[in-house]
Amino acid sequence: MPIPNPSHKKFPLQLSLVLLSGLGIVWYIIYKASHTSFTHDESYTYTHYVHQGFMDIISYKTPYTNNHILNTVLMKYCELLFGSSELSLRLPNILAFILYSIFTILLLYKYIPKLIFPFYLLMVLNHHLLDFFSLARSYGLSFAFLLMSLYYLSLYFTSKQNKHLILFNVGAFLAVMSNFSLLNYYVAALIVYNIVSYVVLKIDSTGNNYHFYRQNKINIVSVILSGMVLYEPLRRISKMSLLDFGGKNGFMEDTVGTAIYSFFYEMYVTPFLETIFKVFIVSVVALTIIIILKAIVQRNITLFKAHISLVLINLILLAIVAITIAQHLILGNDYYIHRFALFFYPIFILNFTFLLNYFFQLSKTTSVSISYLCASLALFNIYINHNTAFYKDWKIDRDVKSMMQNLVLEHEKYPNKNIRLGINWLFEPGVNFYRYTWDLKWLSPAHRRGISKYDDYFYILNTDEEYMDLSNKPVVYKNEQTGAVLLKNPN
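These lines cover the structure that appears in this document, whether it is placed above or below.

What counts as what
Residues numbered from 1 in each chain as written. Predicted model: local features only at pLDDT ≥ 70, side-chain atom pairs only at ≥ 80, totals over all residues. Heavy atoms only, no water. Helix = DSSP H or I, 4+ residues; strand = E, 2+ residues; numbered from the N terminus. Rg over C-alpha atoms; globule rule 2.2 N^0.38 Å. Buried < 20%, exposed > 50% of the residue type's maximum accessible area, 1.4 Å probe, protein only. Contact = heavy atoms within 4.5 Å. Areas by Shrake-Rupley, 256 points an atom, 1.4 Å probe, with all protein chains shown as cover. Lys, Arg positive; Asp, Glu negative; His and termini not counted. Charge placed at Lys NZ, Arg CZ, Asp CG, Glu CD. 1 Å grid on protein atoms, 1.4 Å probe; cavity = no way out; pocket = protein on both sides within 12 Å on 5 of 7 lines; lining within 4 Å. Points joined across faces, edges and corners; volume = space filled by probe spheres on them. Salt bridge = Lys/Arg side-chain N within 4 Å of Asp/Glu carboxyl O.

## Some words on the overall build of the protein chain
Part 1 of the argument: Looking only at helices and strands, the protein chain has 20 helices and four strands in total.
Part 2 of the argument: At 25 Å, the protein chain has a C-alpha radius of gyration in line with the 23 Å of a compact globule built from 491 residues.
Part 3 of the argument: Across the 491 residues that make up the protein chain, the buried fraction comes to 56%.
Part 4 of the argument: Across the protein chain, the fraction of contacts at a sequence separation of at least 24, relative to all contacts at a separation of at least 6, is 75%.
Part 5 of the argument: Counting every atom, the protein chain has about 22100 Å² of accessible surface; 63% of that belongs to carbon and sulfur.
Part 6 of the argument: For the protein chain, the separation between the mean place of its 39 positive charges and that of its 28 negative charges on side chains is 14 Å.

Now the structure itself:
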């Protein structure tokens with residue numbers, strides 16, 4: 001039974017609400033991207049990689065995982081076209097949110113148009129996720145291309161058009177080029193593609209047999225081409241053991257646990273609430289796999305035609321988990337945590353979405369009620385946690401731009417004086433970013449060697465050891481929330 005492709009004239013209220021919500025979030029992202037200080041990691045990328053040659057960037061000439069290849073390249077050309085403002089350098093990820101929204105809408109509208117509004121909200125109302133669409137980091141790009149890849153993979157199984165399989169591979173490749181964490185997704189998706197293709201041909205009545213090469217000609221060419229680009233960066237990363245995601249304790253504790261904390265952003269998560277969410281997540285995934293296994297045993301081809309998106313998303317999620325655990329046990333790789341694990345969020349939400357869609361015909365009222373309840377909780381969570389001042393992973397950097405503006409005002413009092421700024425090492429990339437982009441020739445380059453009595457100003461934290469000896473110095477700028485303080489050395 002083929003899935004109906006609803007006309008664009010259907011559900012106009014749902015689509016209008018989705019578009020209005022999307023435009024509102026785009027405005028929020030643009031505002032935050034243009035007003036917040038450049039963070040440590042963004043500044044490090046800019047000062048160390050953006051001005052390298054194109055081939056040096058994509059070949060990982062200077063190997064370090066801060067160089068998210070696609071993001072670095074796009075930052076490079078955005079600077080050439082639009083200058084070096086925060087908004088310009090963050091533009092690729094702002095546009096990535098639009099791409100993420102487009103493929104989310106296409107995927108939801110194709111399979112569950114009656115509930116597109118609440119599930120669109122669930123897909124986007126994760127504050128930690130939204131952070132990365134207003135940052136010059138590559139996570140936002142990777143989420144967008146992940147959704148593109150998933151959309152075209154599901155579309156291929158309903159259309160059997162080779163162009164959709166090509167676009168699936170293109171999306172997956174660009175996701176990996178954005179963030180190497182998505183390499184496990186690409187591998188998992190290719191495995192699941194073959195599993196589902198095999199199962200469908202086995203239980204379908206057409207009598208066609210599964211042939212690996214015939215099913216994978218496009219995939220093989222794509223993997224070879226991708227491998228030619230990715231080989232050198234991955235070789236250098238592997239050689240230097242740079243894939244350190246931080247999780248040592250287990251998938252549930254590290255990946256699932258930190259994903260729950262990330263969703264609640266700055267809110268405290270009680271152990272009981274964490275347990276509730278873990279049970280919910282496991283239940284959704286387990287119930288879906290039971291439905292799939294039952295369909296296979298009963299040779300029920302309807303599930304694979306009417307709910308192919310549910311099958312693909314669930315099996316890809318399980319495959320990524322299996323690959324991650326295997327890599328930890330065999331290679332000693334860390335489990336994904338915090339921002340490294342964020343890509344699991346849209347995959348899981350899609351699993352939940354399509355599971356509710358599966359039950360929609362059985363109980364429309366229940367499905368609608370659950371979808372709007374979850375969307376309302378996500379909306380409340382984003383309302384509680386929204387901010388335009390800082391980013392969860394780089395709260396300490398929220399003052400760097402304001403501090404530099406105050407330092408510029410200080411220099412205006414002595415325009416012929418060159419200034420040395422002693423800093424906590426955490427602020428080195430941000431200080432040098434603004435020194436370079438604002439063309440502050442009177443300011444000596446910041447370094448990580450600590451402070452000196454010869455420095456004219458000190459920018460440190462009130463928790464630093466040096467602060468006690470400097471606390472009697474005149475305060476030029478201070479933020480009580482972060483403890484960052486700019487002190488003047490009158491000696």
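What follows picks up the thread again.
## A closer look at empty space enclosed by the protein
Part 1 of the argument: Applying the stated rule across the entire model yields two cavities of 30 Å³ or more.
Part 2 of the argument: Approximately 40 Å³ is the volume attributed to the largest cavity.
Part 3 of the argument: The wall of the largest cavity is formed by L107, L150, L153, S154, S309, L312, I313 and I316.
Part 4 of the argument: Listing elements by their share of the lining of the largest cavity, those giving two or more residues are helix 8 (139-159) and helix 15 (308-331).

## Brief notes about the pattern of salt bridges
Part 1 of the argument: Per the stated rule, a full pass over the model turns up 18 salt bridges.
Part 2 of the argument: Taking the shortest distance from any N to any O, the salt bridge between E410 and K488 comes out at 3.8 Å. Taken together, the residues span a long stretch of sequence, with E410 in helix 18 (residues 400-413) and K488 in strand 4 (residues 484-488) at a distance of 78 residues.
Part 3 of the argument: Among the ionic contacts, a cluster of salt bridges with common partners joins D41, R339 and D393.

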